[in-house]
Amino acid sequence: MDGGPPYNPRTVEEVFRDFKGRRAGMIKALTTDVEEFYQQCDPDKENLCLYGFPSEQWEVNLPAEEVPPELPEPALGINFARDGMQEKDWLSLVAVHSDAWLLAVAFYFGARFGFDKADRKRLFNMINDLPTIFEVVTGTAKKQVKEKSSVSNHSSNKSKSNSKNQRGPEPPQGKYSKPMQAKDEDDEGLDDEEEEEHGETLCGACGENYASDEFWICCDICEKWFHGKCVKITPARAEHIKQYKCPSCSNKRARA
């Protein structure tokens, strides 16, 4: 494994940053980089593991040779199940094991550096505020957000509809969303309302929440929203896309 120099987070905040970086890398492998990840998990190779690194990178590699390993090891032999089940089920299985590994690594650091009960609880709560990799990969997190927002925001949708149409679509109302340049005080108030309404819309690539000052685009196939930067789509390029397909949907179509 080549994840950079050894990194030993010693505070709750540092362990959480480590967790988020590893999580982002693994989400990338299972979403935007899924074609490359699929190809690397050749069932004819030896036992392979999916590793995430604090730098938000991922790697498929053999397990560590040292015993015991420096860190807890991820699930072994993920490549052997690749061709024995539906791709979405296989990716979901890898996602579940990845979630378990991330928790193991985080609480390994907690135990190693003597986190007390309050520190462990705070770390878990910070982790628990993020959707799991499984929820991001399967779209479960998006469904939960939709159910919640449909109840809490139903009464305000009608009054906001006119201003949204003037400002451009916001998730999950339109195909893509980008920040406007000019704002007055009323617009800033609407920004706060709209960000509160859609703040729990999650990027299908990195799993982070919606923010009104970022460009987003929606896949016309799976209807997941993505940061433009995560799928390498700019606002100018989006203007010329009639039907946008995210990397995952594009790869599925290519293999079909």
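Residues numbered from 1 in each chain as written. Predicted model: local features only at pLDDT ≥ 70, side-chain atom pairs only at ≥ 80, totals over all residues. Heavy atoms only, no water.

A. View of the side chain of Thr 32. Within the secondary structure, Thr 32 sits in the loop between helix H1 (12-30) and helix H2 (34-40). With residues near it in sequence (within four places) discarded, Thr 32 still touches Ile 27, Ala 205, Cys 230, Val 231 and Pro 247. (Helix = DSSP H or I, 4+ residues; strand = E, 2+ residues; numbered from the N terminus. Contact = heavy atoms within 4.5 Å.)

B. Structural view of the confidence of the model for the protein chain. Looking at the protein chain as a whole, its pLDDT mean stands at 80, while 71% of the residues score no less than 70. Throughout residues 179-185 the model reports pLDDT below 50, and contacts reaching past four residues in sequence, or to other chains, amount to 8 contacts. (pLDDT = per-residue confidence, 0-100.)

C. Quick peek at the pattern of salt bridges. Tallied over the entire structure, the rule returns 5 salt bridges. With its nearest N and O atoms 3.5 Å apart, the salt bridge here joins Glu 214 to Lys 229. Of this pair, Glu 214 sits in the loop between helix H8 (185-198) and strand E4 (216-218) while Lys 229 sits in the loop between strand E5 (225-227) and helix H9 (235-238); the two residues are 15 residues apart in sequence, bridging distant segments of the chain. Classification of Lys 229 by relative accessible area gives exposed; the value is 63%. (Salt bridge = Lys/Arg side-chain N within 4 Å of Asp/Glu carboxyl O. Buried < 20%, exposed > 50% of the residue type's maximum accessible area, 1.4 Å probe, protein only.)

D. Representation of the packing of aromatic side chains. Scanning the entire structure with this criterion turns up 5 aromatic pairs. Taking the centre distance of 5.3 Å and the plane angle of 15 degrees together, the rings of Phe 37 and Trp 90 count as stacked. Separated by 53 residues along the polypeptide, Phe 37 in helix H2 and Trp 90 in helix H3 (residues 87-112) bring together distant segments of the chain. The pair Phe 37 / Trp 90 is uniform in exposure class, with both members buried. Aromatic side chains Tyr 38 and Trp 90 sit 5.9 Å apart centroid to centroid with 90 degrees between the ring planes, which places their arrangement in the edge-to-face category. With Tyr 38 in helix H2 and Trp 90 in helix H3, the pair connects residues that are 52 residues apart, well separated along the chain. Of the two residues examined, Tyr 38 and Trp 90, each falls in the buried class. One aromatic cluster is present, formed by Phe 37, Tyr 38, Trp 58 and Trp 90 through successive ring pairs. (Phe/Tyr/Trp six-rings, centres within 6.5 Å; stacked < 30°, edge-to-face > 60°.)

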